[in-house]
Amino acid sequence: MAHLSVNVDHVATLRQARQADYPDPVEAATIAEQAGASGITVHLRSDRRHIQDQDVRTLRQVVHGKLNLEMATTDEMVSFALDCKPDQVTLVPERPEEVTTEGGLDLLGHGDEVGTVAKRLADNGISVSVFIDPDPRQIERLSQIRGDLTLGFEINTDSYSTARGAGRDTELAKIIEVAELGMENGLLVYAGHGLNTDNVGAVAAVPQIEELNIGHAIVSRAVLFGMEAAVREMLTAMATS
Ligand code: PXP
């Protein structure tokens, strides 16, 4: 079965909404690993809207499994990664106004730039993955960029996750096609975006996919699952004062 890397960005979103010191994404990461996650993913965005630099540095000390840092290909982020040394960097496109990552990196337009950044990171011992849409042309370009590097790619599952009915089967077929193509070309295959308990099964069953990156659905469920305990805890605190 595919491994699960839990994205804890939205624990930090809740914290930043109040500029408070809780909930702590590092604490969430520890719980996620205790529950069976193979690793933790965070996206350090240029605007620092959720995860902060110190979160990544603390996670670097605390996470036992793979720490995967999603980031843009900017000089600022490359310097940060080289200093902090996560196990893996996933290169993503970033648009300041976007609510979440909107699509994969376009390697047909930006392949050389991505290749240069990937090589710098890999030369410093960091595994590199690239977030791309399930389009065979992107995989072919990534295979050219790879050279002798060990490279992975994360299939953007957003179109699959939002499709309904027959459209979902069409999107799943694209995921399967690029997963097979990626493995044939010696690339490591990951997937994620928009996955939840209703739609994850078919993607988790694709044999070439090593790991799924899932965040929003898990943090959302955690809020509801934890509500009863949190209210009971508050009532107990009120009664004992
Ligand atoms: N993969 C990438 C590249 C992402 O940017 C995100 C969102 O931060 C995810 C996976 C996880 O998506 P979701 O939060 O919808 O599970």
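Here, the structure is the one placed above.
(A) Here's a closer look at the site of the ligand. Around the ligand, the surrounding shell holds 14 residues, and the nearest of these are Thr-101, Glu-154, Gly-194, Gly-215 and His-216. Take Gly-215: an N or O atom from its main chain is 2.8 Å from an oxygen atom of the ligand. His-216 places a polar main-chain atom, nitrogen or oxygen, 2.8 Å from an oxygen atom of the ligand. Coverage of the ligand by the protein chains reaches 95% of its 400 Å² of free accessible surface. Looking at the shell around the ligand, its residues break down into three nonpolar, eight polar and three charged.

(B) Broad picture of the nonpolar core. In terms of nonpolar packing, the biggest core is built from 60 residues, with Leu-121 and Ile-209 touching the most fellow members. It is helix α4 (residues 75-84) that provides the largest number of residues to this core, a total of six residues. Other than its neighbours up to four places away in sequence, Leu-121 contacts Met-71, Val-78, Ala-81, Leu-82, Val-89, Leu-91, Ile-126 and Val-128.

(C) The sheet that holds strand β3 (residues 66-71), seen in detail. With parallel pairing, the eight strands of this closed barrel are ordered in space as β1-β2-β3-β4-β5-β6-β7-β8. Neighbour-to-neighbour, the strand axes of this sheet turn through a mean angle of 25°, independent of strand direction. Sheet topology note: the strand β6 (residues 151-156)/strand β7 (residues 188-192) ladder contains five bridges and is parallel. Bridging from a neighbouring strand, Glu-154 pairs with Tyr-190 of β7. Sheet contacts for helix α3 (residues 53-62): β2 (39-43) and β3; angle to β3, the most-contacted strand, approximately 160°.

(D) Representation of helix α10 (residues 216-239) within the structure. Counted at 1.5 Å a residue, the expected span for α10 with its 24 residues is 34 Å, and the 34 Å between its end C-alpha atoms agrees. Met-227 marks the point of greatest bend in α10, at about 45°.

(E) Up close: the side chain of Arg-45. You can see Arg-45 is positioned in the loop between β2 and α3. By relative accessible area, Arg-45 is classed as buried at 3%. Looking at Arg-45, its side chain comes within polar contact range of the side chain of Glu-98, at 2.5 Å. In contact with Arg-45, not counting residues within four places along its chain, are His-50, Met-77, Glu-94, Arg-95, Glu-98, Thr-100 and Thr-101.

The rules behind these values
- Residues numbered from 1 in each chain as written.
- Predicted model: local features only at pLDDT ≥ 70, side-chain atom pairs only at ≥ 80, totals over all residues.
- Heavy atoms only, no water.
- Near = heavy atom within 4 Å.
- Polar contact = N/O pair within 3.5 Å; in protein donor to acceptor, adjacent residues only side chain to side chain.
- Areas by Shrake-Rupley, 256 points an atom, 1.4 Å probe, with all protein chains shown as cover.
- Nonpolar A, V, L, I, M, F, W, Y, C, P; charged D, E, K, R; others polar.
- Core = buried A, V, L, I, M, F, W, Y, C linked by side-chain atoms within 4.5 Å.
- Buried < 20%, exposed > 50% of the residue type's maximum accessible area, 1.4 Å probe, protein only.
- Helix = DSSP H or I, 4+ residues; strand = E, 2+ residues; numbered from the N terminus.
- Contact = heavy atoms within 4.5 Å.
- Pairing = 2+ DSSP bridges.
- Axes fitted to C-alpha atoms, helices over the stretch in contact; angles between N-to-C directions.
- Expected span 1.5 Å × (residues − 1).
- Bend = angle between axes of the 7 residues up to and from the residue.

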